Amino acid sequence: MFQNNEIKDMPLVSIIVPVYNAEKFLKKCLDSICRQTYKNLEILLIDDGSDDHSRIICEQYAMQDHRIEVEIKDNGGVSSARNVGIEKATGKYIMFVDSDDICKPNEVFVALEAIEENQVDEVIFGMCAESSKQSNKQVFNKHKFVGKEIRNNIDYIMLHGLSSPWNKIYLRDNIIKWGIRFDETLSLGEDLNFNIRYLLNCKSILYIPEVLYLYHIENSTATKRYREDMYEQRLLSLNKMVQIFQDYDMQYLHYGFSRVKLTYAAIFNIQHKDCKMNYKEKIYFVQKLKSDYLKENIDRIVRKDQLILDLIIRYFPVTMIYILSFLINKIKRKLSIEKRGISV
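Caption draft 1: Geometry of the confidence of the model for the protein. Chain-level pLDDT for the protein is 90 on average; 90% of the residues reach the 70-or-more range. Contacts of residues 340–344 to residues separated by more than four positions or lying in other chains number 5 contacts, the stretch itself having pLDDT below 50.

This is how it looks when you write it as structure tokens:
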């Protein structure tokens, strides 16, 4: 629909890229953005206090492409960087890209065409999670949710592409009008928090089947590294999600499912090689997790495997829970090493 139009007549799309110590992958990311088939772009590179060569790379690209603007800020995390980008954006639409990922050449064109032709508040498109060992595509059937259909299908939508901001195109005016920003008190779950608040204000959204974004798993350490505050951060994120639903007079039906996942994630987190706890401290921590879990009224476990995990937490002794997690983690680590061809 844009082939015969001049650039000045085309909608401006703001692409926000938070950058922090990304020198290893940044050039490929920026090349994929600059080479988009759709040209009317505002590319906002928000350097979040990098101490490698990321800032230099950003400035070099800005000298070569007038569409690029570089903003330098003190380190405050990815949420604060994205929020700076939102404040600086002037486009009709906003898209987000992580600095270690790659956009397909037609990503902006396809997403923009979909949101313009269908007159929706948001378009969600497919993505591909890649590593050196495998490639997993997340593909959606084309479907439009309108009005009450969004709330009535919230369970489905939450499980289909809502956990990240980078496989979507948003209306900037909606973000500004609804006062939606990334929660800077969260370092886990902030993307889903943002997306849910945007979604629950939407009159219509559209899923499209095209796979347009390449997410490199091995470049992202956030989900693989040991985090001392992981349990507290994810619990905070979960509680804020419950509050969001309450603010919209809704019940968060995924709470039981999410609470089980959180408890097991915290147990496996302390099995990480970088965890400094001794055995006694780990047992005490698992006891705390079990105690916290039992204090709550978990009345809806969605999947059978989650029900099994729920029963283990409730009825297995703490020491047995810890030993099971230790053995499972050891087996998974051994299998992972063997797949890489390293002897153990």
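Caption draft 2: Summary view of helix H8 (residues 190–199). The buried fraction of H8 amounts to 9 of the 10 residues, a majority that puts the element mostly inside the structure. Considered for burial, the residues of H8 that qualify are Glu 190, Asp 191, Asn 193, Phe 194, Asn 195, Ile 196, Arg 197, Tyr 198 and Leu 199.

Caption draft 3: Spatial organisation of helix H2 (residues 54–64). Looking at H2, one finds that the buried residues are Ser 54, Ile 57, Cys 58 and Tyr 61. Axial view of H2: buried residues confined to an arc of 100 degrees, hence all on one face. On its buried side, H2 packs onto strand S1 (13–19), helix H1 (26–34), strand S2 (41–48) and strand S3 (68–73).

Caption draft 4: The arrangement of the packing of aromatic side chains in detail. Scanning the entire structure with this criterion turns up 17 aromatic pairs. Ring centres of Phe 145 and Tyr 207 lie 6.1 Å apart, and the angle between their planes is 75 degrees; on these two criteria the pair is classed as edge-to-face. With Phe 145 in strand S8 (residues 143–146) and Tyr 207 in strand S10 (residues 204–216), this residue pair connects regions lying 62 residues apart in the sequence. Residue Phe 145 shares its accessibility class with Tyr 207, and that shared class is buried. On the numbers, 5.0 Å between centres and 85 degrees between planes, the contact of Tyr 170 with Tyr 198 is edge-to-face. You can see Tyr 170 sitting in strand S9 (residues 168–171) and its partner Tyr 198 sitting in helix H8, a full 28 residues away along the chain.

Caption draft 5: Expanded view of unusual backbone geometry. Not every positive phi belongs to a glycine, and Asn 21 is a case in point at roughly 45 degrees. In this fold, Asn 21 is placed in the loop between S1 and H1. We note that Asp 249 has phi near 55 degrees; this positive angle belongs to a residue other than glycine. Mapped onto the elements, Asp 249 comes out in the loop between helix H9 (230–247) and helix H10 (255–269). You can call Asp 249 exposed: its relative accessible area is 75%.

Caption draft 6: Quick look at the side chain of Lys 282. Tracing the backbone through its elements, the reader meets Lys 282 in helix H11 (residues 279–295). One buried charged residue, Lys 282, remains without a salt bridge, the closest side chain of opposite sign being Glu 281 at 8.4 Å. Those residues in contact with Lys 282 that lie beyond four places of it in its chain are Ile 270, Cys 275, Met 277 and Tyr 322.

Caption draft 7: Spotlight on the pattern of salt bridges. According to the stated counting rule, one finds 15 salt bridges in the structure shown. The shortest N-O distance in the salt bridge between Arg 67 and Asp 65 comes to 2.9 Å. The class for Arg 67 is buried, based on a relative accessible area of 13%. Taking the shortest distance from any N to any O, the salt bridge between Arg 172 and Asp 173 comes out at 3.8 Å. Salt bridges here are not isolated pairs; linked through shared partners, they connect Glu 69, Glu 71 and Lys 88.

Criteria and cut-off values
Residues numbered from 1 in each chain as written. Predicted model: local features only at pLDDT ≥ 70, side-chain atom pairs only at ≥ 80, totals over all residues. Heavy atoms only, no water. pLDDT = per-residue confidence, 0-100. Contact = heavy atoms within 4.5 Å. Buried < 20%, exposed > 50% of the residue type's maximum accessible area, 1.4 Å probe, protein only. Helix = DSSP H or I, 4+ residues; strand = E, 2+ residues; numbered from the N terminus. Arc of directions from axis to C-beta. Phe/Tyr/Trp six-rings, centres within 6.5 Å; stacked < 30°, edge-to-face > 60°. Lys, Arg positive; Asp, Glu negative; His and termini not counted. Salt bridge = Lys/Arg side-chain N within 4 Å of Asp/Glu carboxyl O.

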